[in-house]
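Residues per chain, in single letters:
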Amino acid sequence: EDARRPLYIGRSSILELTAPGMSALESQFWAAQLALVGMKRKLRELETWLAELDGAVAGWGAIRGDYLEGLYTAPEFAGRGVGGTLLEMLEGLMRERGVPAVRAEASSNARDFYLRAATGAPGRNRPTAPGRWRSGYGPRDLRASFRMML
């Protein structure tokens, strides 16, 4: 499949969503490290899943064994529960495969996201009605679909 959309999502999420966890210079340096050839390699070597919402690829996550290799949400879908729902789906796959604990390295800007996911604490989104939000992830009515990249 085409690696351009996941590459765009990775770069744009780094450039637009990393503040205040890292400086603009750090974000630019990190985003510049991502290249199409590297994304193609990831797609070949990792189990990569796309989250689709409203007919568009809204995020992606990649796993290998017990390791979460990457998780990115397109900025235009940030705050809508895509990242949390994708993380929940990937964790579920890993649990089904007998993985007792998921390992990951998180950038300083993503640390709070993973801590909220681990504890079930609410994220930056706030409920508009009782019971509307899933524990720490996002709206219950999120209708994302997932497909593995081949």
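Structure's up top.
Computed from a prediction, not measured in an experiment: that's the story for all the values here.

### Things to note about the nonpolar core
Here comes step 1: Within the largest apolar cluster, 31 residues are counted, with the highest numbers of intra-cluster contacts made by Trp-60, Leu-86 and Leu-90.
Here comes step 2: Breaking this core down by element, the ones donating at least two residues are helix 1 (4–17), helix 3 (36–45), strand 1 (47–53), strand 2 (56–64), strand 3 (67–73) and helix 4 (82–96).
Here comes step 3: If one sorts the elements of this core by residue count, helix 4 sits on top with seven residues.
Here comes step 4: Dropping the residues within four chain positions of it, Leu-90 is found in contact with Trp-49, Gly-61, Ala-62, Ile-63, Leu-68 and Leu-71.

### A look at the pairing of strand 2
Here comes step 1: Judged by how many residues are buried, strand 2 sits mostly within the fold: seven of nine residues are covered.
Here comes step 2: For strand 1 and strand 2, the ladder comprises seven bridges, and the chain directions are antiparallel. Note on strand 2: the bridge partner recorded for Leu-53 is Ala-56.
Here comes step 3: Hairpin connection between strand 1 and strand 2: a loop of two residues separates the two successive antiparallel strands, and Asp-54 in this loop has a positive phi of roughly 55°.

### Description of the side chain of Glu-47
Here comes step 1: For Glu-47, the position within the fold is in strand 1.
Here comes step 2: Within the structure, Glu-47 has its side chain in polar contact with the side chain of Arg-97 (distance 2.7 Å).

### Some details on the packing of aromatic side chains
Here comes step 1: If you walk through the whole model with that rule in mind, you get one aromatic pair.
Here comes step 2: The interplanar angle of 35° and the centroid separation of 5.1 Å between the aromatic rings of Trp-60 and Tyr-72 together place this pair among those described as tilted. Residue Trp-60 is found in strand 2, and its partner Tyr-72 is found in strand 3; the two are separated by 12 residues along the sequence.

### A closer look at the pairing of strand 3
Here comes step 1: Within strand 3, six of the seven residues are buried, which leaves it mostly tucked inside the rest of the structure.
Here comes step 2: Here six bridges tie strand 2 to strand 3, and the two strands are oriented antiparallel to one another. The residue of strand 3 that forms the bridge with Ala-62 is Gly-70.
Here comes step 3: Adjacent in sequence and paired antiparallel, strand 2 and strand 3 are bridged by two residues, among which Gly-65 carries a positive phi angle near 65°.
Here comes step 4: As judged from the two bridges shared by strand 3 and strand 4 (residues 103–104), these two strands associate in the parallel manner. By the bridge assignment for strand 4, Leu-68 is matched with Ala-104.
Here comes step 5: A crossover connection joins strand 3 to the parallel strand 4 through helix 4; in handedness this β-α-β unit is right-handed.

### Concerning the pattern of salt bridges
Here comes step 1: Counted by the stated rule, this structure contains seven salt bridges.
Here comes step 2: Arg-41 is paired through a salt bridge with Glu-45; the nearest N and O atoms lie 4.0 Å apart. Of the two residues, Arg-41 and Glu-45 both sit in helix 3, four residues apart, roughly one turn of that helix.
Here comes step 3: Overall, the relative accessible area of 40% leaves Arg-41 in the partly exposed class.

### A look at helix 1
Here comes step 1: Relative to the 20 Å expected for 14 residues at 1.5 Å per residue, helix 1 spans 19 Å between its end C-alpha atoms, a close match to the ideal helical length.
Here comes step 2: Within the sequence span of helix 1, burial applies to Pro-6, Leu-7, Ile-9, Gly-10, Ser-12, Ser-13 and Ile-14.
Here comes step 3: Of the surrounding secondary structure, the elements contacted by the buried residues of helix 1 are helix 2 (24–33), helix 3, strand 1, strand 2 and strand 3.

### Regarding the environment of Ala-62
Here comes step 1: The topology assignment puts Ala-62 in strand 2.
Here comes step 2: With a relative accessible area of 1%, Ala-62 lands in the buried category.
Here comes step 3: Residues Ala-62 and Leu-86, spaced 24 residues apart in sequence, show a C-alpha to C-alpha distance of 10.0 Å.
Here comes step 4: For Ala-62, the contacting residues outside a window of four places in its chain are Leu-46, Glu-47, Thr-48, Tyr-67, Leu-68, Glu-69, Gly-70 and Leu-90.

The rules behind these values
- Residues numbered from 1 in each chain as written.
- Predicted model: local features only at pLDDT ≥ 70, side-chain atom pairs only at ≥ 80, totals over all residues.
- Heavy atoms only, no water.
- Core = buried A, V, L, I, M, F, W, Y, C linked by side-chain atoms within 4.5 Å.
- Buried < 20%, exposed > 50% of the residue type's maximum accessible area, 1.4 Å probe, protein only.
- Helix = DSSP H or I, 4+ residues; strand = E, 2+ residues; numbered from the N terminus.
- Contact = heavy atoms within 4.5 Å.
- Pairing = 2+ DSSP bridges.
- Polar contact = N/O pair within 3.5 Å; in protein donor to acceptor, adjacent residues only side chain to side chain.
- Phe/Tyr/Trp six-rings, centres within 6.5 Å; stacked < 30°, edge-to-face > 60°.
- Right-handed = clockwise from strand over helix to strand, strands pointing away.
- Salt bridge = Lys/Arg side-chain N within 4 Å of Asp/Glu carboxyl O.
- Expected span 1.5 Å × (residues − 1).

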